[in-house]
Amino acid sequence: MSRLSVVLPAYNEELMVGKTCRVLHEVLTEAGISYELVLVDDGSNDRTWEEITKAGEKDANILGVHFSRNFGKEAAVYAGLAQATGDVVAVMDCDLQHPPETLIPMYHLWEEGWEVIEGVKKSRGTESLLHKESAGFFYGIMSKATGVNMQNASDFKMMDRKAVNSILSMPERNMFFRATSSWVGFKTTHVEFEVHDREAGQSKWSTWSLVKYAFTNIVAFTTVPLQFVTIIGGACFGCSLILIIYSLVQFFAGRAVEGYTTTLIVLLLIGSAIMLSLGIIGYYIAKIYEEVKRRPRYIISQIVRGKKDVYQEVNHDRSH
Ligand code: UDP
Ligand code: MG
């Protein structure tokens, strides 16, 4: 019989872990689905790991993975995928904002032969207008970059073993899971779901971390910003041509000396265009540098299955 793995990244979720495990157990047992929960503690500094081991004592289907420090959600998802043993793997948030009941229709779609089942948000929940607008802008760029409409994409999805393995075989360190799962292709469908409000604990995203996240992922997925550099260069060149002609006319008309303001403005504009372009190029170089170092994506410090410590038995190579 086939088995479903559910990957749950958890960072400072002490208030949610126990409940999430209980709810998933109820929902999946009732539907008669054989399952495994892979909880990845992303270096929490609260009692999340204790809660995970406690849940493991009650439920032998729980695999707990503990990172040596916080590596970020994408790394946690990747580690979860690497440790999952199911024939089909779902990824969802650990705060029950992704409704567990939705796993059932997803699972049935998988049984019908679909290989990637994307969870698509019906609405974006309760977010401020500014947040909505900037998310809209970010996903606009990402949709262009991936050629897939990402406006309502989420990290809630279910994937067949084949898709999981192809994601695991990708060598890049900086993975944008949301887009990668559509990049790999396969027979894809989607299920709509309503985003629930977070019951307890806090969202880990500050405005600044969201801005950083947006930049990192745009750079990870597209080189369009590098073309901005060319466009800025082209625009500067166009302006220079006009100014050259203008200056020459002035010169031959014997009116050459004034024009200090123009010179200053032109200098400042060109200066900022160059700085901006160097910044964009520099950002890509920094990312290339990070990738060529080939550090592991994450470092695991502990793994337990149910009550048992299985650190020695597990294959850590996948972090490379
Ligand atoms: N998360 C994580 N590592 C981090 C930040 C978040 O594993 O560094 C997990 C978090 O525990 C949760 C999921 O990612 O299960 C989504 O985070 P959150 O609920 O804070 O995001 P939001 O729902 O507000 O977008
Ligand atoms: Mg959340």
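The paragraphs below set out a description of the structure included in this document. Computed from a predicted model, the values in this text were never measured in an experiment.

**Thoughts on the site of ligand 1**
- As a structural note, the neighbourhood of ligand 1 is formed by 16 residues, with Glu13, Asp42, Asp95, Gln97 and Arg198 the closest of them.
- In this structure, aspartate 95 approaches ligand 1 through a side-chain N or O atom, which is 2.5 Å from an oxygen atom.
- Relative to its unbound accessible surface of 530 Å², ligand 1 loses 85% to contact with the protein.
- A class-by-class count of the residues in the shell around ligand 1 yields five nonpolar, four polar and seven charged.

**Examining the pattern of salt bridges**
- Per the counting criterion, the structure on display carries nine salt bridges.
- The shortest N-O distance in the salt bridge between aspartate 155 and lysine 73 comes to 3.0 Å. Of this pair, aspartate 155 sits in strand β6 (residues 153-160) while lysine 73 sits in helix α3 (residues 73-83), and the two are 82 residues apart along the sequence.
- Among the residues examined, aspartate 155 registers a relative accessible area of 2% and is labelled buried.
- On the basis of relative accessibility, which here comes to 22%, the residue lysine 73 falls in the partly exposed class.
- A salt bridge links lysine 162 to glutamate 115, with the shortest nitrogen-to-oxygen separation between them at 2.8 Å.

**Side note on the side chain of lysine 121**
- Inspection of the secondary structure puts lysine 121 in strand β5 (residues 116-121).
- We classify lysine 121 as buried; its relative accessible area is 13%.
- Contact partners of lysine 121, with chain neighbours within four places excluded, come to Asn152, Ala153, Ser154, Arg178, Phe193 and Val195.

**A few points about the packing of aromatic side chains**
- Under the criterion given, the structure shown has seven aromatic pairs.
- Judged by centre distance (5.1 Å) and plane angle (5°), the rings of phenylalanine 67 and tyrosine 298 are stacked. Highlighted residues: phenylalanine 67 in strand β3 (residues 62-67) and tyrosine 298 in the loop between α10 (260-292) and β8 (300-305), separated in sequence by 231 residues.
- A residue is classified by how much of its surface remains accessible, and phenylalanine 67, at 1% relative accessible area, is buried.
- Given the relative accessible area of 3%, tyrosine 298 is considered buried.
- On the numbers, 5.3 Å between centres and 75° between planes, the contact of phenylalanine 251 with phenylalanine 252 is edge-to-face. This pair shows no difference in class: phenylalanine 251 is exposed, exactly as phenylalanine 252 is.
- Through pairs of rings, three or more aromatic residues link up here, namely Phe67, Phe71 and Tyr298.
- One cation-aromatic arrangement involves lysine 157 over phenylalanine 177; the distance from NZ or CZ to the ring centre is 5.7 Å.

Definitions and limits used
- Residues numbered from 1 in each chain as written.
- Chains lettered and ligands numbered in written order.
- Predicted model: local features only at pLDDT ≥ 70, side-chain atom pairs only at ≥ 80, totals over all residues.
- Heavy atoms only, no water.
- Near = heavy atom within 4 Å.
- Polar contact = N/O pair within 3.5 Å; in protein donor to acceptor, adjacent residues only side chain to side chain.
- Areas by Shrake-Rupley, 256 points an atom, 1.4 Å probe, with all protein chains shown as cover.
- Nonpolar A, V, L, I, M, F, W, Y, C, P; charged D, E, K, R; others polar.
- Salt bridge = Lys/Arg side-chain N within 4 Å of Asp/Glu carboxyl O.
- Helix = DSSP H or I, 4+ residues; strand = E, 2+ residues; numbered from the N terminus.
- Buried < 20%, exposed > 50% of the residue type's maximum accessible area, 1.4 Å probe, protein only.
- Contact = heavy atoms within 4.5 Å.
- Phe/Tyr/Trp six-rings, centres within 6.5 Å; stacked < 30°, edge-to-face > 60°.
- Lys NZ or Arg CZ within 6 Å of the ring centre and 35° of its normal.

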